Amino acid sequence: MSDPLPKTNRPTREEAEDAIRTILRWAGEDPEREGLHDTPARVARAYEEFFQGYEIDPKTLLERTFSEVEGYDEIVLLRDIRFESHCEHHLAPIIGRAHVAYLPRQRVVGISKLARVVDAYARRMQIQERLTAQIANTINDVLQPHGTAVIIESSHECMTTRGVHRPGVSMVTSQMLGVFRTSSDTRRELMAMLNRPAASEY
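Quick caveat, the model's predicted, so the values are computed rather than measured.

### Details of the environment of M176
At step 1: Examined against the element boundaries, M176 turns out to sit in strand 7 (residues 171-178).
At step 2: Expressed as a C-alpha distance, the spacing of M176 and E153, which sit 23 residues apart in the sequence, is 15 Å.
At step 3: Aside from chain neighbours lying at most four places away, what touches M176 is T148, A149, I151, R181, R187, L190 and M191.

### Quick look at the nonpolar core
Generally speaking, nonpolar side chains in soluble globular proteins are found buried as a group.
At step 1: In this structure, F83, V100, Y102, L114, I135 and I139 are the most contacted members of the largest nonpolar core, which totals 29 residues.
At step 2: Sorting the residues of this core by element identifies strand 2 (76-87), strand 3 (93-103), strand 4 (108-109), helix 3 (111-122), helix 4 (128-143) and strand 6 (147-156) as the ones contributing at least two each.
At step 3: Of the residues forming this core, the biggest block, six residues, is contributed by helix 3.
At step 4: Among the nonpolar cores identified, the runner-up in size contains 11 residues, and L77, F180, M193 and L194 belong to it.

### Concerning the packing of helix 1 (residues 13-26) against helix 2 (residues 39-50)
At step 1: Helix 2 packs onto helix 1 with a crossing angle of 115° between their chain directions and a minimal axis gap of 9 Å. In this structure, helix 1 meets helix 2 at a crossing whose hand is right-handed. Every residue of helix 2 that contacts helix 1 at R13, E17, I20, R21 and L24 is listed here: T39, P40, A41, V43, A44, R45 and E48.
At step 2: For the contact of helix 1 with helix 2, the residue count by class is six nonpolar, one polar and five charged.

### Section: the side chain of T148
At step 1: Relative to the helices and strands, T148 is located in strand 6.
At step 2: The buried category is assigned to T148, whose relative accessible area is 0%.
At step 3: In terms of polar contacts, T148 uses its side chain to reach the side chain of N140, at 2.8 Å.
At step 4: Apart from residues no more than four positions distant in its own chain, T148 is found in contact with A101, Y102, A136, I139, N140, Q175, M176, L177 and F180.

### Regarding the pattern of salt bridges
Pairs can form between side chains of opposite charge whenever their charged atoms are close.
At step 1: Considering all chains together, one arrives at 12 salt bridges under this definition.
At step 2: E17 is paired through a salt bridge with R13; the nearest N and O atoms lie 3.3 Å apart. Of the two residues, E17 and R13 both sit in helix 1, four residues apart, roughly one turn of that helix.
At step 3: Exposure remark for E17: the relative accessible area of 15% places this residue in the buried category.
At step 4: Taking the relative accessible area as the measure of exposure, R13 reaches 31% and is therefore partly exposed.
At step 5: Salt-bridge contacts for D185 lead to R188; the nearest nitrogen and oxygen are separated by 2.3 Å. Here D185 pairs with R188, and both are found in helix 7 (residues 184-194), just three residues apart, close to one helical turn. Across the pair, R188 and D185 agree in class, each one exposed.

Conventions and cut-offs
Residues numbered from 1 in each chain as written. Predicted model: local features only at pLDDT ≥ 70, side-chain atom pairs only at ≥ 80, totals over all residues. Heavy atoms only, no water. Helix = DSSP H or I, 4+ residues; strand = E, 2+ residues; numbered from the N terminus. Contact = heavy atoms within 4.5 Å. Core = buried A, V, L, I, M, F, W, Y, C linked by side-chain atoms within 4.5 Å. Buried < 20%, exposed > 50% of the residue type's maximum accessible area, 1.4 Å probe, protein only. Axes fitted to C-alpha atoms, helices over the stretch in contact; angles between N-to-C directions. Left-handed = near helix turned anticlockwise from the far one by under 90°. Nonpolar A, V, L, I, M, F, W, Y, C, P; charged D, E, K, R; others polar. Polar contact = N/O pair within 3.5 Å; in protein donor to acceptor, adjacent residues only side chain to side chain. Salt bridge = Lys/Arg side-chain N within 4 Å of Asp/Glu carboxyl O.

None of the figures reported here should be taken as evidence of function without further support.
Structure below.
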């Protein structure tokens, strides 16, 4: 995926709102009627929130690490990271959960940073396969652990609310790097951890 466009090459807020008015007219509506008068501004603000990941460099989120781990050298797993994204083909929502794991060498990163990396990539126009790879590759490149694993489960509204209209269908993707790819024992250990009770059940 190419880098985000520089701000100097992007349309202005006013141009974005005009484009939304055009879409409203194309759909058969009057953007000047009372209920829609402020819709272009609201949609523009919503898009700023939906796609704020373009303003974030995910690699910088992982730069601060900690070495005082008393020799800990087992899997670190953050489960059930809820995320919201949008498919780049229809701009329909993708709602799901990400499970992110890595096997540290000597240093670990704050767990909130793993969730922030997920959000930084999710809040862009995406396909799930690329989202999975981006998260895994970034963690692997910056932390350089023995291995990195990312598993994503999600529902795509471009499939549930249009086209084939198949609600209840979930898509699962995974990216295994390092020992999670080469060692079946390490991969089995990860799967066992994913199948344990959730924190709310303890």
